[in-house]
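Structural overview for review
This is what each chain is made of:
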Amino acid sequence: MAVYVPCSAHSLNLTGVHAAESSAEMKTFFGNIQALYVFFSCSPARWKILLELTGISLHKLSDTRWSARIDAVKPLAKRPREIITALDYCVDKLDLTGEMVNQAKSLKKWLKSFDTVVLLTVWLKTLQAVDDVSRLLQSNSIAIDDEIILINQLLDDLGRIRSSWNELLSEAKLVAESLGFEKDFEVKRTRKTKRHHDEPPNTAYFHDGAEKKFEVSVFNVGLDHLIQQIRSRFKVVKEVYARFDFIWSLTDDIVAQERKARELAKFYSTDVNEEDLVAEIRHFDRVKGALFNPGNSLKLLNQIFSKGLEPMFPSICILLRIFNTMSVSVAEGERSFSKMKIIKNYFRATMGQERLSSLMMLSIENELARSVSYDEVISNFASRKARKICLA
């Protein structure tokens, strides 16, 4: 019986997408990052100015590319002063329309605001932690038990970021001071609501200062939303892991271990026998600590086969193979479709299947293709197609 396990990389990407829309301030932040990219990328002259003055490229946001958000945030966090210089140069030296001049000035004002400095500081650390785990989850050697460990570590890292608001605020103030930017939050007028003479004032949503208000309504909301999304989306994976973990886990609760073994045998009734599995688990539990080194499920399976013990534990080997064939990520398959979308675009709509397959192979195996000697390939092609025959 097949068990559905969602793609871990795709699920982790969706958590970041939804966290970026958790509040109006977050939407404005990422919206301005995209607007900044569009301002420079829509003109070759502006893009050239950006590269000359900053030495970096900006990246657009994408809901489907996993590393898009960290790639978009990094340049702004590393070179904000140079990007502002590029904006000023475009306004002063290029013949821009009034709309583009206003956009450049508003983007400059947004970049120099303290709200932006704080959000860049927070999201750089947050997205870097998420991106590191996402890249590990796309590895071919990662199993579900490794995925659970990585997700738990990510939740711990996000929890530490969530509880370090004062340190992040101090770091943002130091950065703003060194760059000559604003060092305080913009004080906005508090909206007053009408109430009757006998109605008590509602002070639940009013805070002492702008810093506390930003912490509660923006910082906490964004991090809490991200943590909650990760826990919710990886709940299915943890349930699948809990079905199998009794095989390699060291425990003294024999009753619970046998109960899990019977439940798993009933679920995979066509693959293993219930009584045979329980008997194997009892024997395996006695020799597990002495014969096998602690590790994940894949290492345990390899150790069983390397010691030639698979005839003694056939049901356990079957369950371990089932568990390790559950895919953690389908990133490789989705990456192939992304390559096809790039290659077979609007201008190549009439491309034949053979040419498409060849270009796909060259694009996917680009490292190998770059190492091929073109002179040798051309010489071989010319020798096969040559019509002249040497008679001497």
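Summary of the structure given here. Quick caveat: nothing in here was measured; it's all calculated off a predicted structure. (Residues numbered from 1 in each chain as written. Predicted model: local features only at pLDDT ≥ 70, side-chain atom pairs only at ≥ 80, totals over all residues. Heavy atoms only, no water.)

**Notes on the overall build of the protein**
Where we set the bar: In DSSP terms, a helix is any run of H or I states spanning at least four residues, a strand is any run of E spanning at least two, and both are numbered starting from the N terminus. The cut-offs for exposure are 20% and 50% of the maximum accessible area for each residue type, with area from a 1.4 Å probe on protein chains only; residues under the lower value are buried, those over the upper are exposed, and the others partly exposed. Contacts are residue-level and defined by heavy atoms, with any inter-residue pair within 4.5 Å sufficient.
Counting secondary structure elements, the protein contains 19 helices and 0 strands. Residue burial in the protein is summarised as follows: out of 392 residues, 39% are buried. Partitioning the contacts of the protein with sequence separation of at least 6, the portion at a separation of at least 24 is 72%.

**Section: the environment of A242**
Its place among the elements puts A242 in helix α11 (residues 235–244). Residue classification places A242 among the partly exposed positions, given a relative accessible area of 32%. Counting along the chain gives 18 residues from A242 to K260, while the straight-line C-alpha distance between them is 9.0 Å.

**Looking at the nonpolar core**
Condition: Here the nonpolar core consists of buried residues drawn from Ala, Val, Leu, Ile, Met, Phe, Trp, Tyr and Cys, with membership extended through side-chain atoms lying within 4.5 Å.
In this structure, F40 and F244 are the most contacted members of the largest nonpolar core, which totals 99 residues. It is helix α7 (residues 114–137) that provides the largest number of residues to this core, a total of 13 residues.

**With respect to the pattern of salt bridges**
Threshold: By convention in these notes, a salt bridge is any Lys or Arg side-chain nitrogen within 4 Å of a carboxyl oxygen on Asp or Glu.
The tally for this structure, following the rule as stated, stands at 12 salt bridges. Across the pair R262 and E274 runs a salt bridge whose closest N-O atoms are separated by 2.9 Å. Of this pair, R262 sits in helix α12 (residues 254–267) while E274 sits in helix α13 (residues 274–291); the two residues are 12 residues apart in sequence, bridging distant segments of the chain. In this structure E274 comes out as partly exposed when scored by relative accessible area, which is 23%. Through salt bridges with shared partners, a single network forms among R262, E274 and E275.

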